[in-house]
Amino acid sequence: MQISRSFKRLIYWELGIPITLLTIGIYHGLMQTVYRAGVLSQASFAHLDYYQGLTLHGVINAIVLTTFFAVAFGHATIAFYFKKEPNKNLGWLSFWLMTVGTALAAWAMLSGKASVLYTFYPPLKAHPFFYLGAALLIVGSWVPLFDWAKMYVNWKKENAQVKTPLAVLGTLVNFTIWFVCTLAVAYEVLVLLLPWAMGWKATVNVTLARTLFWFFGHALVYFWLLPAYIMFYTILPKISGGKLFSDLAGRVALFLFLLFSIPVGVHHQFSDPSISKGIKLFQGLLTYGVAIPSFITAFTIAASLEYAGRKRGAKGLLGFFGKLPYLDSNVYLFAYLICGLFLFIFGGLTGLVNASAQLNNVVHNTAWLPGHFHMTVAGPVFLAIIGMSTYLYSTISGKKVFLPRINVIIPYLWTIGILIFSTGLSWGGLLGEPRRTNLGMTYLNPKSQLFTPEWVPTTLLGLVGGIIMFVAGLLFFIVFFGTILRKKDHEGVLELPVSEALHDEPRIALFDKFKPWLVTMGVILVLAYTPALMNALKNTGPGAPRFTPDNPVPAEIISSTRK
Amino acid sequence: MVKIDKTEKKVVVITGIVLAMFIFSILYARNKYSDLPACIPYDKVYTEPKVTKLDEKTYQVYAVARMWQFQPSQIYIPVGSDVDFYLTSADVVHGFNISEKNINMMAVFGNINKATVKFDKPGVYKITCHEYCGLGHQAMQAEVIVNYPTK
């Protein structure tokens, strides 16, 4: 599909800005493993302190990169399938809101005024620009949903009996989940935190803030994951040389995500006070419900790959694994997606562990957690993002990929790095190693009273894995920016591989419309979250004053003594 | 009706059985083994750190987490005692993790958290803060020292 210069430039910037910032994010990923292994026993290095870097790492990699990409990939998907570009003004409005928001937050973090980590739990306070920037980024990402929804409604009018393309359904479901869940964090940031951070409100109800954040925070991971799932269903079967085993399975999975992505957030608060055991258990069981669409996906994609392998001549039960295009640089997206799927096996299994309230007592806030999420967000999500970013840029600009043979091995190198890294962190977590901690200063410092030798091998594995990941990341930057610097080879087009369905499945109205699912989603949300919010309002005591990371004395006492 | 492939049917059944096993285990084990912290409504009395001996084998600790220490920071408990930990924070959110005993709670300002643990083996059990709480977070660790009472 030919697209306008304006649309091309929109996608280029929406991919280029976060990937440029990703250089900082990946640099500090490596640095954390260096600090935590005790190689550095200091609070900061090269003008960036540990917790400042950790904040940059989380915000850039997990919020900025993922949101910009979801918008860019969403634009590309909707435009390609509807053969119509999204509204130009709304597209650029969305871009500028997100970019200005990111710039504000980046300034706050880089100047050391927002070392609060990507969860920004009060009463630790950041500079108001951090909160404002985050709010702008999120509001900017809402805009495309309304444009695409209008395009969808118009398309439906002319195609009432045609199945909505699976990739379009996925994009709309994903952004619906995103819009609903971000309402809570937007309220938290704009109503609870920003006035408090600016000094207009004296206290904040910490449990309420946390509950609203996690209403957003778990659905956030599905917002990250669903673009990768869309690629698994609609792209992977095609580029493996096969077909999608069941298109209907994909639709069922997407609607189950719509129902279960949000009402499970309290599983991040199993260890919190004031939230009742009953609601923790209820949302914990719902979390097992949200595992179902992932099981559906695992089966359906494996079956699709088996079909592809058999078409290429595979024999026997597992022979198909050997007949897939792992190292074919012409279909390099296969490598990125298959490595993501492989990592997600372990990411999903460790996620099931986390969903158990009892096992949570073993793993909560230990290194097990980053071990888990590097096999999910830094697994399929990250690999899908970087693979597809290279693909979209290269096909739209008409430039051939720079160093294609390096490009295809990057995901394998990354996967080896993650496996080593996450093994170290998971093992360390089971031994009580805390997350979000500059271990090198104390727990991994042989000169310190707090030295814990059990964590030496575990942090060493984290360091080795981190170095390998860093090298893979570096190679990606070389490939991506190298491609940008190349000369145009041919006319660029917006082109996405489209998988055909293996079975002839007629359109089922229930799985091709939103209303019944949205209503059910609303009902479950009310049932799951009303008790939790009531707990946060009723069981809690006084709200908390402002604290900055460097001082145990509340901020207003510091400022009043300075008068 | 929708035709469901034979292998898909098998997979749905297997998935259902696996999830049912997990859910059954969680429901069966609740209150039996490591359990969720108890929900305690806020009261000012818990904000003063204190160790109280209720009887020979029962202790009560009002633990207060603050930047960057736990109060009390060294808690002496005789072997075989049950200890109730009531936890709150004097400032930002802190973690409270006695990893060998699977005690894992968040300390939140204006909230009270509670967990009970039986210390049946002597030793020094570390209480580690595992939630980022500012610049001194990596030095925030306390100890429960469990020993046989002197005769």
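Not measured: the values here are computed from a predicted model.

Each value, and the rule that gives it
All residue numbers refer to positions counted from 1 along the written sequence of the respective chain. The order in which chains are written sets their letters, starting at A; the order in which ligands are written sets their numbers, starting at 1. Only residues with pLDDT of at least 70 are given local features in this predicted model, and only at 80 or more are side-chain atom pairs given and counted; all residues enter the totals for whole chains, interfaces and linings. Helix numbers and strand numbers start at the N terminus; a helix is a DSSP run of H or I with at least 4 residues, a strand a run of E with at least 2. Backbone-placed C-beta atoms define the burial measure: a residue is buried with 20 or more other C-beta atoms within 10 Å of its own, exposed with 12 or fewer, and partly exposed in between. Contacts here follow a simple rule: the backbone-placed C-beta atoms of the two residues must lie within 7 Å. Comment: axis = line fitted to C-alpha atoms, over the contacting stretch for helices; angle = value between 0 and 180 degrees taken between N-to-C directions. Here is the rule for angles: anything less than 35 degrees is roughly parallel, anything more than 145 is roughly antiparallel, 65 through 115 is roughly perpendicular, and the remaining ranges are oblique. Charged residues are taken to be Asp, Glu, Lys and Arg, nonpolar residues to be Ala, Val, Leu, Ile, Met, Phe, Trp, Tyr, Cys and Pro, and polar residues to be all remaining types, Gly included. pLDDT: the predictor's confidence for each residue, scored from 0 to 100. Where each domain begins and ends follows an automated or database-derived domain assignment. One less than the number of residues in a helix, times 1.5 Å, gives the span that helix is expected to have. Note on terminology: a nonpolar core is any set of buried Ala, Val, Leu, Ile, Met, Phe, Trp, Tyr and Cys residues joined through C-beta atoms within 7 Å.

(A) Looking closely at the overall build of chain B. Per the secondary structure count, chain B includes 1 helix and 11 strands. Secondary structure elements of chain B occur, N-terminal to C-terminal, as α-β-β-β-β-β-β-β-β-β-β-β. Dimensions of chain B, computed from C-alpha atoms along their principal axes, come out at roughly 70 × 40 × 30 Å. A buried classification covers 40% of the 151 residues belonging to chain B. For chain B, restricting intrachain contacts to residue pairs at least 6 apart in sequence, the fraction spanning at least 24 positions comes to 61%.

(B) Expanded view of the packing of helix 10 (residues 332-354) of chain A against helix 13 (residues 377-397) of chain A. Residue and element names in this part refer to chain A. Orientation of helix 10 relative to helix 13, taken along the N-to-C sense of each, is 170°, at an axis distance of 7 Å. One finds that helix 10 runs roughly antiparallel with respect to helix 13. Packed against helix 10, whose contacting residues are Tyr332, Leu333, Tyr336, Leu337, Cys339, Gly340, Leu341, Leu343, Phe344 and Gly347, the element helix 13 presents Gly379, Pro380, Leu383, Ala384, Ile386, Gly387 and Tyr391 at the interface. Its residues placed into classes, the contact of helix 10 with helix 13 shows 13 nonpolar, 4 polar and no charged.

(C) Highlighting the confidence of the model for chain B. Mean pLDDT for chain B: 93, with 97% of residues reaching 70 or above. Interface confidence for the predicted complex, given as ipTM, is 0.95, next to a pTM of 0.96.

(D) Local environment of the domain arrangement of chain B. If you check the domain split of chain B, you get domain 1 (1-33) and domain 2 (38-147). Distance from the C-alpha centre of domain 1 of chain B to the C-alpha centre of domain 2 of chain B: 38 Å.

(E) Highlighting helix 3 (residues 88-110) of chain A. Residues and elements named next belong to chain A. The end-to-end C-alpha distance of helix 3 is 32 Å, a good match for the 33 Å that 23 residues give at a rise of 1.5 Å each. Along its buried surface, helix 3 packs onto helix 1 (5-36), helix 2 (50-82) and helix 4 (128-158). Immediately beyond the C-terminal end of helix 3, within one or two residues, lies glycine 112, with a positive phi of roughly 80°.

(F) Structural view of helix 8 (residues 247-260) of chain A. Residues and elements named next belong to chain A. When the terminal C-alpha atoms of helix 8 are compared, their 20 Å separation across 14 residues agrees well with the 20 Å that a helix rising 1.5 Å per residue should span. Most of helix 8 sits inside the fold, with 12 of its 14 residues counted as buried. Where helix 8 is concerned, the buried positions are Asp247, Leu248, Ala249, Gly250, Arg251, Ala253, Leu254, Phe255, Phe257, Leu258, Leu259 and Phe260. As for helix 8, its buried residues are in contact with helix 5 (166-197), helix 6 (206-234), helix 9 (277-311) and helix 16 (515-538).

(G) Up close: the environment of Thr119(A). Residues and elements named next belong to chain A. Its place among the elements puts threonine 119 in the loop between helix 3 and helix 4. Note on threonine 119: 18 C-beta atoms within 10 Å, which makes it partly exposed. Spatially, the C-alpha atom of threonine 119 lies 7.7 Å from that of phenylalanine 213, the residues being 94 residues apart in sequence.

(H) Spotlight on the nonpolar core. Ranked by size, the top nonpolar core spans 225 residues in total, and within it Ala105(A), Ile177(A), Leu337(A) and Ala63(B) carry the most contacts. Sorting elements by how many residues they give to this core places helix 6 of chain A first, with 21 residues. Residue contacts for Ala63(B): discarding those within four places in its chain leaves Pro49(B), Phe70(B), Phe85(B), Tyr86(B), Leu87(B) and Phe96(B).

(I) The arrangement of the interface of chain A and chain B in detail. Contact residues are listed per partner, giving 57 residues for chain A and 45 residues for chain B. For the side of chain A that touches chain B, the secondary-structure elements that each account for two or more residues are helix 6, helix 9 and helix 11 (357-363) of chain A. If one sorts the elements of the side of chain A that touches chain B by residue count, helix 9 of chain A sits on top with 10 residues. In terms of residue class, the side of chain A that touches chain B is built from 31 nonpolar, 20 polar and 6 charged.

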